[in-house]
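Remarks on the overall topology
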Amino acid sequence: MAACLTDELIRIYDALFAAFGHQRWWPAETPFETMIGAILTQNVSWTNAAQAIRNLEDAGMLDPHLLAAADTTEVARLIVPSRFYNLKAERIREFSGVYVAEFGGDPATMAAVETGTLRERLLSVRGLGKETVDSILLYACEKPVFVVDAYTRRIFSRYGLLPEETSYDQTQRLFTENLSPDVGLFNDYHAQIVRLGSAICKKSPLCDCCPIREVDGEIRCAAARS
Ligand code: SF4
């Protein structure tokens, strides 16, 4: 663990926390709702995904056994707000099938599986990529896995801690190799990154109101210096 990188990552988190407060993720009532939310929010805003979850709940379908056996057309009809609904309906049914068949539809049984083994198994489910699987591992199973998204890459490359073209794994290693495997920290750190990336560090960044524009008297981002 490189002490200076660790300190820098912690200082950035502290500045985000001071500005935004704890983000209280994931916004879900149950671990299974978190899992389905992680699939529904692929390539769409959380607002869209949340509406699709409400539709499933109102229809009494937010249940792994029901979704595993459901007609995908019916599921697709309920999740229209999440876009790509036909594809996502199939992903939800396939994931629910695995969740029921291999873990009994029980989050504790799933969370008891060793992290690397579980990650590999979930990555082998059709349509589940690294961001979705890591969200399930962190937010539903409480595993110390850092979730990476486009905001993470953008912010930390602008900040100079990652190259401009960076992979998912390289970005993830920046955090996992320099921070203690702390579920609470990983949970809120990713949530803070989403808050910063969606509201301030946009394609055209609003550096003047960025809480990490200046950390310890130093301006790191080129965009903030111009
Ligand atoms: S200072 Fe600007 S470029 Fe740097 S993280 Fe903040 S908004 Fe993004």
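Residues numbered from 1 in each chain as written. Predicted model: local features only at pLDDT ≥ 70, side-chain atom pairs only at ≥ 80, totals over all residues. Heavy atoms only, no water.

1. Side note on the overall build of the chain
Inclusion rule: Segments assigned H or I by DSSP are reported as helices when at least four residues long, segments assigned E as strands when at least two residues long, and all are numbered from the N terminus. The size measure is the radius of gyration over C-alpha atoms, and the globule rule it meets is 2.2 Å times the number of residues to the 0.38 power. For the exposure calls, accessible area comes from a 1.4 Å probe over protein chains only, and a residue counts as buried if that area is under 20% of its type's maximum, exposed if over 50%, partly exposed in between. When checking whether two residues touch, look at their non-hydrogen atoms; a contact exists if any pair is within 4.5 Å.
Helix and strand counts for the chain stand at 13 helices and 2 strands. The C-alpha radius of gyration computed for the chain amounts to 18 Å, which stays within 12% of the reference 17 Å derived for 226 residues, consistent with globular compactness. Each principal axis of the C-alpha atoms in the chain carries an extent, and together these give about 55 × 35 × 30 Å. Burial status across the chain gives 45% buried among its 226 residues. Counting only contacts in the chain whose residues sit at least 6 apart along the sequence, the fraction spanning at least 24 positions is 63%.

2. So, helix H11 (residues 168–176)
Note the threshold: The arc under discussion is defined with respect to the helix axis, by the directions toward the C-beta atoms.
Within the sequence span of H11, burial applies to Tyr-168, Thr-171, Gln-172, Leu-174 and Phe-175. In an axial view of H11, the angular spread of the buried residues amounts to 145°, which keeps them on one side of the axis.

3. Examining the layout of surface pockets
Our working definition: Only protein atoms enter the 1 Å grid used here. Points where a 1.4 Å probe fits but cannot escape make up a cavity, open sets with protein on both sides within 12 Å along at least five of seven lines make up a pocket, and a residue lines them when an atom lies within 4 Å of a point. Grid points are joined across faces, edges and corners, and a volume is the space filled by probe spheres set on the points. Reported domain spans reflect what an automatic or database domain assignment gives.
The space that makes up the largest pocket amounts to roughly 670 Å³. Looking at the largest pocket, it is lined by 22 residues, and the ones nearest its centre are Thr-41, Val-44, Glu-131, Asp-149 and Val-194. Residue assignment for the lining of the largest pocket shows that the elements contributing at least two residues are helix H9 (130–140), helix H10 (150–158) and helix H12 (183–199). Taken together, domain 1 (3–24 + 147–225) and domain 2 (31–140) each give at least three residues to the lining of the largest pocket, which thus spans both.

4. Description of the site of the ligand
Defined as follows: The criterion for a residue being near a molecule or strand is simple. One of its heavy atoms has to lie within 4 Å of it. Each residue receives one of three labels: charged for Asp, Glu, Lys and Arg, nonpolar for Ala, Val, Leu, Ile, Met, Phe, Trp, Tyr, Cys and Pro, and polar for the others, Gly being one of them.
For the ligand, the full set of nearby residues is Arg-158, Ile-200, Cys-201, Pro-205, Cys-207, Cys-210, Ile-212, Arg-213, Cys-221 and Ala-224. Per-class residue counts for the shell around the ligand are 8 nonpolar, no polar and 2 charged.

5. Notes on unusual backbone geometry
In this model, Trp-25 is joined to Trp-26 through a cis peptide bond whose omega is -5°. Among the secondary structure elements, Trp-26 is positioned in the loop between helix H1 (3–20) and helix H2 (31–40). For Glu-142, which is not glycine, the phi torsion reads 55° and is therefore positive. Take Glu-142: its relative accessible area is 59%, and that puts it in the exposed class.

6. What to know about the domain arrangement of the chain
The parts lose accessible area when they come together, and the size of an interface is often stated as this lost area. Rules: Once two parts are brought into contact, the accessible area they lose, counted with a 1.4 Å probe and summed over both, makes up the buried area. In what follows, salt bridge is the name for a side-chain nitrogen of Lys or Arg lying within 4 Å of a carboxyl oxygen of Asp or Glu.
The domain architecture assigned to the chain consists of domain 1 (3–24 + 147–225) and domain 2 (31–140). For domain 1 and domain 2, the distance between their C-alpha centres works out to 27 Å. Facing 11 residues of domain 1, the contacting portion of domain 2 comprises 7 residues. Both sides together, the interface formed by domain 1 and domain 2 hides about 730 Å², and carbon and sulfur atoms give 58% of it. Looking only at domain 1, the three residues that lose the most surface to domain 2 are Val-147, Tyr-168 and Asn-187, adding up to 54% of its buried area. Linking domain 1 to domain 2 there are 1 salt bridge.

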